[in-house]
Amino acid sequence: MRLDEQIMLWNHASVKVLDIRSIQAEGDSLARSYRLPANAYICSSRGSATVRLDEETYRMDGGQVLHGPAGARLQLVAEKTFEYWLVLYKASLSLPRTRRWFGLLPSANPFRQSYSCKPPYPLVLQTQLEQMHHDWSSGDPMLTLRARARFHQFVWELLHQLEQAGSSPMPPELLAQVTQYLELHYRQPISLEQLAATFGCSVSYLTKLFRKRLQTSPMRRLTGIRMEATAHLLLTSERTLQQIAEQVGYPDAHTLSRSFKKHYGYAPSRYKEMASKRSIPELPGPHTRSALLPAPDGWYSVNEFENHSHLKRRGGVSLYSTKRSATLTAATLMLGVSLLLSACASSPAPGGAEANNTGNGSPSANTTAATNTQEATTTGSTRTYTSTAFGSITVPDKPERIVDLTGSAIGNLLQLDIKPIASVDYGLVNPFHDGLLEGIENIGDGSNLEAILELNPDLIIVFSYVGDEIYEQLTQIAPTVRLEYGAQKPSELLLEFGKITGKEQEAEAWVKAWDAKIAEVKPAVQEAVGDRTVAIMQPHAKGIYAWGNKGGRGGEIIYDEFELTPPALVKQHLIDGELAGQDFSLEQLPDYAGDIIFTSIFGWDDGEVNGSAVYDSAIWKSLDAVKNGLVYNIDPQGYYYNDPISLDQQLEFITTSLLGE
């Protein structure tokens, strides 16, 4: 993982400190597996210990720092006396709506990474941790506030030391990476050959590694993960076994039932019955609330409930309560779904007869809203949509009540003559969509899941930057399709929407027509432009953005379709590189400017930004494009989008501008 990307993302993090502890573990203490309730820094101060984080083992000596993501299993075995700090925190990213940022998430999200590092000046960090702990333990609200501020100083100091030393956090080895991959992708079809190819090793090596270290095989480990998820869903949801099978990566309920009985010794129905009577002594589940070590005062008990003594004396935050509050929305959603279904089950059928949902093959009143709402059942059929990134999901054959949470991709639905019932706010401001948005409900930023539930959707569409926790909550409302953000060209994304909605032919027809338009005007455009360079620039509140072929703004047309020449730095960083946009200062403007410039203000800044700091500057006025009258003003919001409707409008303007018509 790149340290510079981690620093960039930390700058857009909203952080809440949950607990700060100073812990002493004795060598004869019994180590216990403990699932981290939040992201954690484990910082050793004295002594040595062997620490297991998920399936990876780390050796910790004085001054070493280990980071673990929420949900990771932690186990610590001390050698004699081992003293360490435990800092638990939650963090979320509030990123600008650009692919430059979202493209970093899969590989560089600092809060979902496990890593170990040895900072060159550990005493500086130790001092900060002591001050943080002192303030946190005081019970004084002002000092607690200062402790939260000190946490940011601690993170800055850690990253600063690593940056100055030219070192990066050390990721876990292959075994931990494979295990984490299985836990994140168990819903998808996974073969041993695919798993080995993904991590660049042979099947035999991967199998031997698992057998030597874990006394199992990769596929048995995958089965165990799926069985834990199945047991959890059986006990916490009212989904049918077929729905659970689809959720955990099995083709059908029969196959899942056989595997479940082989794994636990009980059929799923029998297992659920016994669990309700508490006759199973130790219920499996993906979230185990157990202590890392036997609990001294102020640590966590080994029982189901937390020891709250530290809260009374130290003003700390209850991790158990935090965990419950984090799932409060999901619980509310499940309650709402149950109430909706109860209402449906108790409502009389047309003609006054009671509706009968107990017949063979009919969904019961306890299935999810996705398959038992009136709107969903009227379509009568479903089909399977499969994506490379996220596997298969059952969707309505002809969805009628779509909630679009992609925002920037809503035009794909509109092009297919599908009007979603609701969209996030920035999906409803594209001027190229005027006249097409009437009747679509604005649901703000999409975070109000109760409002989405009340809309009674039969399909939800989101981009991959939506977190797993939110995604899981959305699946409780309706089938939810995730699309990988920025992974496809605009025409390819439209074809995916066609597959999702059953309108493949309409999508293919647009792509064919689009290719014909490009072929018709491309030769004339290339002849008119010649070897001159073309740039796309947007002044914003604190600088200027240059754009390539991955961030809208007409870049897909200019650089991909017309194959026009970008400035050298744009080609290096934004065409050949991974970034969608590059932020630079006014002094660097001549290096990013082209002989021809398409420009607008950024359009998404808070407050009024008119670009005068750039457009009125001597540097801007000295550019050849400005002096030669080859600057073309694009719409700041309409060019943010690259859906088919927007592309058609952009193509007309770009072509007319370049041909001088």
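Predicted model, so just to flag it, every value in this text is computed and none were measured. (Residues numbered from 1 in each chain as written. Predicted model: local features only at pLDDT ≥ 70, side-chain atom pairs only at ≥ 80, totals over all residues. Heavy atoms only, no water.)

> What's the story with the packing of aromatic side chains in this structure? I'm lost.
Here the structure, examined in full by the defined rule, presents 19 aromatic pairs. Look at Y41 and F151: their rings are 6.2 Å apart centre to centre, the planes differ by 55 degrees, and that puts the pair in the tilted class. In this pair, Y41 is assigned in strand β3 (residues 39–53) and F151 in helix α5 (residues 141–165), connecting sequence segments 110 residues apart. This pair shows no difference in class: Y41 is buried, exactly as F151 is. Judged by centre distance (5.4 Å) and plane angle (80 degrees), the ring pair of Y41 and F154 falls under edge-to-face. On the criterion of sequence distance, the pair formed by Y41 in strand β3 and F154 in helix α5 is long-range, its members being 113 residues apart. The class for F154 is buried, based on a relative accessible area of 0%. (Phe/Tyr/Trp six-rings, centres within 6.5 Å; stacked < 30°, edge-to-face > 60°. Helix = DSSP H or I, 4+ residues; strand = E, 2+ residues; numbered from the N terminus. Buried < 20%, exposed > 50% of the residue type's maximum accessible area, 1.4 Å probe, protein only.)

> Just checking my understanding: could you explain the pairing of strand β4 (residues 56–60) for this structure?
Successive residues of a regular strand alternate their side chains across the two faces of the sheet. Residue alternation in β4 divides its side chains into a buried set, E56, Y58 and M60, and an unburied set, T57 and R59. Looking at chain direction, β3 and β4 are connected through five bridges and run antiparallel. Bridged to T50 within β4 is R59. (Pairing = 2+ DSSP bridges.)

> Could you clarify how one ought to interpret the nonpolar core in this entry?
Among the nonpolar cores identified, the biggest contains 63 residues, and L483, M537, F562 and F598 are the most heavily contacted of them. One finds V178, L206, L209 and L233 within the second-largest nonpolar core, a separate group that totals 28 residues. (Core = buried A, V, L, I, M, F, W, Y, C linked by side-chain atoms within 4.5 Å.)

> I'm lost on helix α11 (residues 253–264) in this one. Help?
In an α-helix, one turn spans 3.6 residues; hence positions three or four apart end up facing the same way. Taking 1.5 Å as the rise per residue, α11 with 12 residues should run 16 Å; its terminal C-alpha atoms sit 16 Å apart, in good agreement. Within α11, burial applies to A253, L256 and F260. Across the axial projection of α11, the buried residues extend over an arc of 60 degrees, all falling on one side. Facing away from the buried side of α11, by more than 90 degrees, are the exposed residues H254, R258, K261 and K262. Remark: G265 follows α11 within two positions and exhibits a positive phi of approximately 90 degrees. (Expected span 1.5 Å × (residues − 1). Arc of directions from axis to C-beta.)

> Where do I start with the side chain of Q128 in this structure?
Within the secondary structure, Q128 sits in helix α4 (residues 122–137). By relative accessible area, which is 14% here, Q128 ends up buried. Setting aside residues up to four positions removed in sequence, Q128 forms contacts with Q153, F154 and E157. (Contact = heavy atoms within 4.5 Å.)

> Is there a simple way to think about unusual backbone geometry in this case?
Phi is mostly negative for residues that are not glycine, and the peptide bonds are mostly trans. With a phi angle near 60 degrees, R553 is a residue other than glycine that sits in the positive phi range. One can find R553 in the loop between β16 (543–547) and α23 (555–561). Of note in the backbone geometry, E563 takes a positive phi value of approximately 55 degrees without being a glycine. If you trace the backbone, E563 turns up in the loop between α23 and α24 (568–575).

> I keep staring at the pattern of salt bridges and nothing clicks. Help me out?
Where charged atoms from two side chains of opposite charge come close, those side chains can pair. Inspection of the entire model under this criterion finds 14 salt bridges. Between R146 and D135 there is a salt bridge, and its shortest N-O distance comes to 2.8 Å. One end of the pair, R146, is in helix α5; the other, D135, is in helix α4, and 11 residues separate them in sequence. Here K627 and D624 are joined by a salt bridge, their closest N and O atoms 4.0 Å apart. Highlighted residues: K627 and D624, both in helix α28 (residues 624–627), separated by three residues, approximately one helical turn. Salt bridges sharing common partners tie together D135, R146 and R150. (Salt bridge = Lys/Arg side-chain N within 4 Å of Asp/Glu carboxyl O.)

> Would you mind going over the sheet that holds β16 with me for this structure?
Two orientations exist for strands paired in a sheet by backbone hydrogen bonds: parallel and antiparallel. One open sheet holds the five strands; their spatial order is β17-β16-β15-β18-β19, and the pairing between them is mixed. Looking at the sheet topology across the chains shown, the edges are occupied by β17 (581–584) and β19 (631–633). Recorded for the sheet is a direction-independent mean angle of 30 degrees between the axes of neighbouring strands. As paired elements, β16 and β17 share four bridges and run antiparallel to each other. From the neighbouring strand, Y545 faces β17, where its bridge partner is D583. On top of the sheet, α24 reaches β16 and β17; it is set at about 75 degrees to β16, its chief contact. Docked against the sheet, helix α29 (residues 644–659) engages β18 (596–599) and β19, running at close to 150 degrees with respect to β18. (Axes fitted to C-alpha atoms, helices over the stretch in contact; angles between N-to-C directions.)

> Even after reading the chapter, I still don't get helix α21 (residues 490–501), so can you show me in this structure?
Look at α21: 17 Å from first C-alpha to last across 12 residues, which is about the 16 Å you get at 1.5 Å a residue. Among all positions of α21, only P490, L493, L494, E496, F497, G498, I500 and T501 are buried. Immediately beyond the C-terminal end of α21, within one or two residues, lies G502, with a positive phi of roughly 75 degrees.

> Any chance you could explain the environment of A147 here in plain terms?
With respect to the helices and strands, A147 occurs in helix α5. Classification of A147 by relative accessible area gives buried; the value is 0%. The spacing of A147 and D135 is 12 residues in sequence and 5.4 Å in space, taken between C-alpha atoms. Those residues in contact with A147 that sit more than four places away from it in its chain are I20, M132, D135 and W136.

> Teacher, can you tell me more about the sheet that holds strand β13 (residues 459–463) here?
The strand order across the open sheet built from five strands is β12-β11-β10-β13-β14, with neighbouring strands paired in parallel fashion. Looking at the sheet topology across the chains shown, the edges are occupied by β12 (441–442) and β14 (480–483). Bridge count for β13 against β14 is four bridges, and the pairing is parallel. By the bridge assignment for β14, F463 is matched with L483. The strands touched by helix α20 (residues 468–475) are β13 and β14; relative to β14, the strand with the most contacts, the crossing angle is about 150 degrees.

> So what exactly am I meant to see when it comes to the packing of helix α9 (residues 218–236) against helix α10 (residues 241–248) here?
A pair of packed helices is characterised by two quantities: the angle between their axes and the separation of those axes. Axis separation between α9 and α10 bottoms out at 10 Å; the angle between their running directions is 145 degrees. In this structure, the crossing between α9 and α10 has a hand that is right-handed. On α10, the residues that touch R226, A229, T230, L233 and L234 of α9 are L241, I244, Q247 and V248. Here the contact of α9 with α10 is composed, by residue class, of six nonpolar, two polar and one charged. (Left-handed = near helix turned anticlockwise from the far one by under 90°. Nonpolar A, V, L, I, M, F, W, Y, C, P; charged D, E, K, R; others polar.)

> What's the story with the packing of α21 against helix α22 (residues 504–529) in this structure? I'm lost.
Direction vectors running N to C along α21 and α22 enclose 165 degrees, while the axes themselves pass 7 Å from each other. Taken together, α21 and α22 sit at an angle that is classed as roughly antiparallel. Like other packed secondary-structure pairs, α21 and α22 cross with a definite hand, here right-handed. Where α21 approaches α22, its residues S491, L494, L495, G498 and K499 are matched on the opposing element by E504, A507, E508, W510 and V511. (Parallel < 35°, antiparallel > 145°, perpendicular 65-115°, else oblique.)

> Quick question: what am I supposed to make of a negative patch on the surface here?
Among the surface-exposed residues, D417, E504, E506 and E508 lie close enough to one another that they form a single negatively charged patch. Tracing the chain through its elements places E508 in helix α22. (Patch = residues over 30% accessible without salt bridge, like charges linked within 9 Å, V, L, I, M, F, W, Y side chains within 5 Å. Areas by Shrake-Rupley, 256 points an atom, 1.4 Å probe, with all protein chains shown as cover. Lys, Arg positive; Asp, Glu negative; His and termini not counted. Charge placed at Lys NZ, Arg CZ, Asp CG, Glu CD.)

> What should I look at first to understand the pairing of β3 in this one?
Alignment of β3 against strand β5 (residues 65–68), held across four bridges, turns out to be antiparallel. Looking at β5, one finds that Y41 is bridged to H67.

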